[in-house]
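# Notes for the structure review
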Amino acid sequence: MAVYNSYPLVIILVLFISAFAIPIFKSIKAARTIGISAAGISFVLSILTLMGVKENGAYYFRVGHYDAPWGIEFHIGIIEGLMGVLFMTVSLAVLWFSIYSIDHDLSKKKVPLFYTLVNLLVGSLLGIVFSDDLFNCFVFIEISSIASCGIVVVKDKKENIKAALKYLILSSLGSGLVLMGIALVYSLTGHLNMPHIHEALVSIYPEHSRNMLIAIGLFTVGLGVKSAMFPLHTWLPDAHTFAPASSSALLSALVLKAYVILYIKIIHRVFGMSIVGELPVLNIVLLLGAVGMIAGSVLAILQKNLKRMVAYSSVAQMGYVFFGIGLGTTMGLAAAIFQIFNHAFTKSALFLSAGSILEKTGKKNISDLKGVGKEMPFTMAIFAIGGMSLVGIPLLSGFNSKWNFAVAVIEAHRVELLAVVLISSLLNALYYFPIIINGYFGEESLEGKVYRNTERPIKELLPVIVLVLGVIYFGVSGGGLLSLIEAGIPALN
Amino acid sequence: MKFLALVPIVFPMALAAGMHFIEFKNEKHRRAYLFGGVFLNFIFAMMVLSTAQPEMHILKINDFMEIYFKVDGMSKLFLAMTSVLWIFTTAYSFDYMNHEGKEQKFFTYFLVTAGVIVGISLAGNIFTFYIFYEFLTLSTFPLVIHTGTREALASGKKYLIYSFSGATLVLLGMILLFSVTGNLEFMPGGVLQGFAIGKRLTAAYVILFLGFSVKAAMVPFHSWLPAAMVAPTPVSALLHAVAVVKSGIFALVRTTFYLFGAEAVKAMHVRGYLSILIVLTILMGSFVALHQENLKKRLAYSTISQLGYIMLGILLLNEDGLTGALLHLINHAVIKITLFFCVGIIMYRTGYKTIGEIRGIGKKMPITMGCFSIASISLIGLPPSNGFVSKWYLAMGGLQENRAIFVVILLVSAILTAGYLLPIVVTAFFPGEMERELVNKEPPLMMLVPVLMLTGITVVFGLFPNYILHFIQNISRSLI
């Protein structure tokens, strides 16, 4: 057993322990130091884990040193390793950004609480990704639900409480459905460990197919609510709009993604394609994904509030992920996982830059932001690159992602679905470009207006710039990431 | 020197960025910086064209996404044309933009566009082409809305929507083509050797053709072009008579002859449907131009009709037709830029925009209107102008296909061309309103010299077409 094998557990422990350590010290500075250094340590460990997995392949880690059916196991393959790095990179960048911004959003007393919640959240999300035990996943799901509602409500305004309640209710509904799914699977097989469930399910498949359909249905709807699958997304716009910028970035970049990864694991590890292929579930997921890609964008076009628009765009982007899963092919799955990367980087950069614009100008509505590019050229440039990536301008990661979907669609012999991918990206152009254009060129509204130099200093923008560099990097050399994902997919089964 | 091709692409963009850091002491210094830069870039471009190693692989992301430049006859033709015309436009813009204002911004995007156009001409596969094609939209958009008025912003929006819809079709076509061939490199004769022409390939061709024809302003995708005439005249001239619309045409040549190949397109039996649209383009452009009061709009519709000629020549798929098309590509660029520059001079000196206002103006600016007349005659295609040569080859190409109807259309359209251009000349020179005092209103030399030189080029191409004709004939022979 190599040293790195225990790192995933160490990452989760470091994050959790730091989360509980923060309230002990009451000062903001201590909270920040502990929170960020824990994230930093976890970031390094996640990279080492990925390197180890790349070298030696996937492995199981027995948390309590008991063997599988009795003890809890982690399963770490390339996909899990990649997700670990992705989650830690984004959360580190967001935490870095929060140093400069969170004081404006929260009252002084709440700042340490924010860091506690973020570390709890990221730790539990990684737990969902790493764990190979369904019930263990459920425990992490519950922790993450509470923590993610927490980072919405930590800014104690009226609308935040309302949004968080809505989020909490729907999210608990989702958890409840997942729990029922787990219970059903357990009653069928007597196992909670994923590979063991899979073995048992395959042996009893034909006679219990209806029960399995119900179980998959429960997982699909339950996790679909949590990861904003259209039309179960209704909690998302409120939660993402009213939360502080750093929270919105984490919510859309990471929280949605962890549940999708769990869903992928349930499809591929728990049930396996041999069973799922016989059931109509994937076609429904594909359909909902496709509808979400279009409807999310259409809803985004109708929004007047900048953050709300970006939030609806998340619905569309998550539609792509479900679209890829729904195709049911290896390439489709790889495209979906690549899209998780693309969206995590792009959307967190978009939320952080949109949040900066709102914070500095005090304006929420898109129509008030004409000429903002003159006042905050760099922030607007970051927003522009993020928007162009989602529109699908070549050499940015969004283009690569769309290309992967196109290849997957053709490989699956469903050429007609190309239209959905392309129309959706055209719709993206319809809401991102007007903001960029009015931001830089809407000069008439500037007449008679005093130029306020409201630009954030470059130092404070650095974390967002790091995220944008990620967007460009995956655009220029996305091939490496894709082949890594493709190499990791067999280990998922 | 694999990265040599990047020099003329990146250099103007660096110049554009540099403009924001250098404090120019006065207007003269900035002019020297800009003109020197554009001229230097012309030399860089020529160096790339004469390089011994014509294939430059820059960056490979995967089989589909590869940035790759290649120098061949077509890219030589297009790059030489655009970079020569760019120099003239730079010189012309100095004084003109002085009167429009916001020069810093104008020249920034003007230079960026210069780099993007080099990328378009050198692209060695359709993916590279597509990248620069998208960037072209983005970099020309600020130029279109330069004046910042409500009307300009509305036109700009229209321009973006049309262009991006076209580009989306192009992407769809590319993906379909790639799913069959797995190869998107521009090669003479196409990449389809050994592939059966199936439904998917036919769909790919039609989709690519329609996608690119948005930029080439084919009816019914043309309406962004007249709307974009709100831009300052140098922009209209260079971008909408030369660079933007011609890159659409250039793309059609690349797709038809370098991706699919003439044989494959012939076998698809879709030419008939496409040529209906093209004939409509030719005739509608001319008819609408006839009753445009605004001079620039009249020229814009004329562009639509003339671009129709070129597309018709491409779709004839024979040697003469292609020769005529490519020759007309060059001739129309030179003629149309002259016409636009003359109209720009009128606007600059007098502020007149419509044909009713310019009565008798030929007496006040004889050189400008003289150049305008020569260019008009060339565009109509009277011998011995260069327009005659290109139309001759187009007609020959039509006859080879046994389509006498095309020749008739060309003739009708030539008459219409005379119908919308000659009235301008006649109004300007003949019914002179002598009561207005006769002052010389010729523009500054920096504007007049480019116009004179361009008119000179038009005349020389008409009298001695052989050099360029041979070059073009070599290209078209290699393709068919």
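Just so you know, these numbers come straight off a predicted model, no measurement behind them.

On to the overall build of chain A. On a plain count of helices and strands, chain A comes out with 20 helices and two strands. Its C-alpha radius of gyration of 22 Å places chain A within 12% of the 23 Å reference for a compact globule of 493 residues. Overall, the C-alpha framework of chain A stretches about 75 × 55 × 40 Å when taken along its three principal axes. Looking at chain A as a whole, 59% of its 493 residues are labelled buried. A sequence separation of at least 24 residues applies to 80% of the contacts in chain A between residues at least 6 apart.

Turning to the overall build of chain B, a few remarks are in order. Check the secondary structure of chain B and you find 19 helices and two strands. Compactness check: chain B gives a C-alpha radius of gyration of 21 Å against a globular reference of 23 Å for 480 residues, within 12% of the reference. With the C-alpha coordinates of chain B rotated into their principal frame, the extents come out at 75 × 55 × 45 Å. The burial tally for chain B puts 59% of its 480 residues in the buried class.

Glancing now at the interface of chain A and chain B. At the interface, 19 residues of chain A touch 19 residues of chain B. Of all the secondary structure elements, the ones that give two or more residues to the side of chain A that touches chain B are helix H17 (397–411), helix H18 (418–441) and helix H20 (478–492) of chain A. The element contributing the most residues to the side of chain A that touches chain B is H18(A), with seven residues. Partitioning the side of chain A that touches chain B into residue classes produces 13 nonpolar, four polar and two charged.

Where H18(A) contacts helix H6 (residues 150–181) of chain B, the two axes come as close as 10 Å, and the packing angle between them is 155°. In terms of axis orientation, H18(A) runs roughly antiparallel to H6(B). Note on packing geometry: the crossing formed by H18(A) with H6(B) is right-handed. Along the contact surface, H18(A) presents Leu418(A), Leu422(A), Ser425(A), Leu426(A), Ala429(A) and Phe433(A), while H6(B) presents Leu160(B), Phe164(B), Ser165(B), Thr168(B), Leu171(B), Leu172(B) and Ile175(B). When its residues are assigned to classes, the contact of H18(A) with H6(B) shows ten nonpolar, three polar and no charged.

Approximately 45° is the largest bend angle found in helix H9 (residues 233–260) of chain B, and it occurs at Leu239(B). Where H9(B) terminates, the next one or two residues include Gly261(B), which has phi positive at roughly 90°.

Glancing now at the nonpolar core. Core analysis: the biggest nonpolar cluster contains 374 residues, and Met311(B) and Ile337(B) have the highest contact counts within it. Excluding residues within four positions of it along the chain, Ile337(B) makes contact with Leu85(B), Ala237(B), Leu238(B), Ala241(B), Val242(B) and Leu454(B).

Here the bond from Val219(B) into Pro220(B) is cis, since omega is 5°, no more than 30 degrees from zero. For the bond running from Pro383(B) to Pro384(B), omega is 5°, close enough to zero to count as cis. Here Pro384(B) is to be found in the loop between helix H15 (366–380) and helix H16 (386–400). Here the phi dihedral of Ala228(A) falls at roughly 60°; this positive angle occurs in a residue that is not glycine. Structurally, the position occupied by Ala228(A) is in the loop between helix H8 (209–226) and helix H9 (236–242). If you check the backbone angles, His413(A) has positive phi at about 55° while not being a glycine. Structurally, His413(A) is set in the loop between H17 and H18.

Another point: the environment of Ile472(B). All names here are of chain B. Note that Ile472 resides in helix H19 (residues 466–479). With 24 C-beta atoms counted inside 10 Å, the residue Ile472 sits in the buried group. Ignoring any residue separated from it by four or fewer positions in sequence, one finds Ile472 in contact with Thr323, Leu326 and Leu327.

Let us look at the pairing of strand E1 (residues 55–60) of chain B. Residues and elements named next belong to chain B. Where E1 and strand E2 (residues 66–70) come together, five bridges link them in antiparallel fashion. Across the sheet, Lys60 pairs through a bridge with Glu66, a residue of E2. Counted between consecutive antiparallel strands, the loop separating E1 from E2 contains five residues.

Cut-offs used in this document
- Residues numbered from 1 in each chain as written.
- Chains lettered and ligands numbered in written order.
- Predicted model: local features only at pLDDT ≥ 70, side-chain atom pairs only at ≥ 80, totals over all residues.
- Helix = DSSP H or I, 4+ residues; strand = E, 2+ residues; numbered from the N terminus.
- Rg over C-alpha atoms; globule rule 2.2 N^0.38 Å.
- Buried ≥ 20, exposed ≤ 12 C-beta atoms within 10 Å, placed from the backbone.
- Contact = placed C-beta atoms within 7 Å.
- Nonpolar A, V, L, I, M, F, W, Y, C, P; charged D, E, K, R; others polar.
- Axes fitted to C-alpha atoms, helices over the stretch in contact; angles between N-to-C directions.
- Parallel < 35°, antiparallel > 145°, perpendicular 65-115°, else oblique.
- Left-handed = near helix turned anticlockwise from the far one by under 90°.
- Bend = angle between axes of the 7 residues up to and from the residue.
- Core = buried A, V, L, I, M, F, W, Y, C linked by C-beta atoms within 7 Å.
- Pairing = 2+ DSSP bridges.

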